Amino acid sequence: MSENKTLREKDTEISLETAEKWIQKWKEPKNELEAKNKVRAFLIPKINLEMVLAQGIDAARAYIGINDEGVQTLMIVGTKYNPKTLIYEDMLPKGSDSKDSEDGEDVKTAAVPPGIYDFSLPCPPQGDPSSPLN
């Protein structure tokens, strides 16, 4: 069994292109064994949560992907609720980062611009062995 790793203490923003690539790799397991070995949980760095919360979001969404090292990862994006569509829309660094919210607040005026955040650590092995959820 692998040892737990310490979370990175730095900005963990990734590009939209990288996130799309990682999600596609996660969606298409190469074989049945790979499909059965999906992770059960993720340890999320505090900075990821702080950066998303600082965007002035209404909610957050998490996407699952496989990074360039072949490790399953969780990517976090902020969302804004659109009362016209009744959908929480992803606040992405390209395309939607200049949208105005319904309440007139420009997403660009948030303390932190929209981003996609990564570097969560998968469980197993990054789990709490005493947790009934593990």
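Just above, that's the structure.
All values reported here derive from a predicted model rather than from experimental measurement.

With respect to the environment of lysine 25
- With respect to the helices and strands, lysine 25 occurs in helix 1 (residues 16-27).
- For lysine 25, a relative accessible area of 31% puts it in the partly exposed group.
- Distance from lysine 25 to isoleucine 66, taken between C-alpha atoms, is 5.5 Å for residues 41 residues apart in sequence.
- Other than its neighbours up to four places away in sequence, lysine 25 contacts Ile66, Asn67 and Asp68.

Examining the pairing of strand 4 (residues 72-82)
- Where burial is concerned, most of strand 4 is hidden: 10 out of the 11 residues are buried.
- The pairing of strand 3 (residues 59-66) with strand 4 spans eight bridges and is classified as antiparallel. Bridge pairing in strand 4 places arginine 61 opposite valine 77.
- Hairpin connection from strand 3 to strand 4: five residues lie between these consecutive antiparallel strands, with glycine 70 at a positive phi of about 80°.
- In this structure, strand 4 lies alongside strand 6 (residues 116-117), joined through two bridges in antiparallel fashion. By the bridge assignment, valine 77 is partnered in strand 6 with isoleucine 116.
- Both strand 4 and strand 5 (residues 87-90) contribute to a ladder of four bridges, which runs antiparallel. Of the residues in strand 5, the one forming a bridge with asparagine 82 is isoleucine 87.
- Between strand 4 and strand 5, which pair antiparallel one after the other, the connecting turn spans four residues, and leucine 86 there sits at a positive phi close to 65°.

Calculation criteria
Residues numbered from 1 in each chain as written. Predicted model: local features only at pLDDT ≥ 70, side-chain atom pairs only at ≥ 80, totals over all residues. Heavy atoms only, no water. Helix = DSSP H or I, 4+ residues; strand = E, 2+ residues; numbered from the N terminus. Buried < 20%, exposed > 50% of the residue type's maximum accessible area, 1.4 Å probe, protein only. Contact = heavy atoms within 4.5 Å. Pairing = 2+ DSSP bridges.

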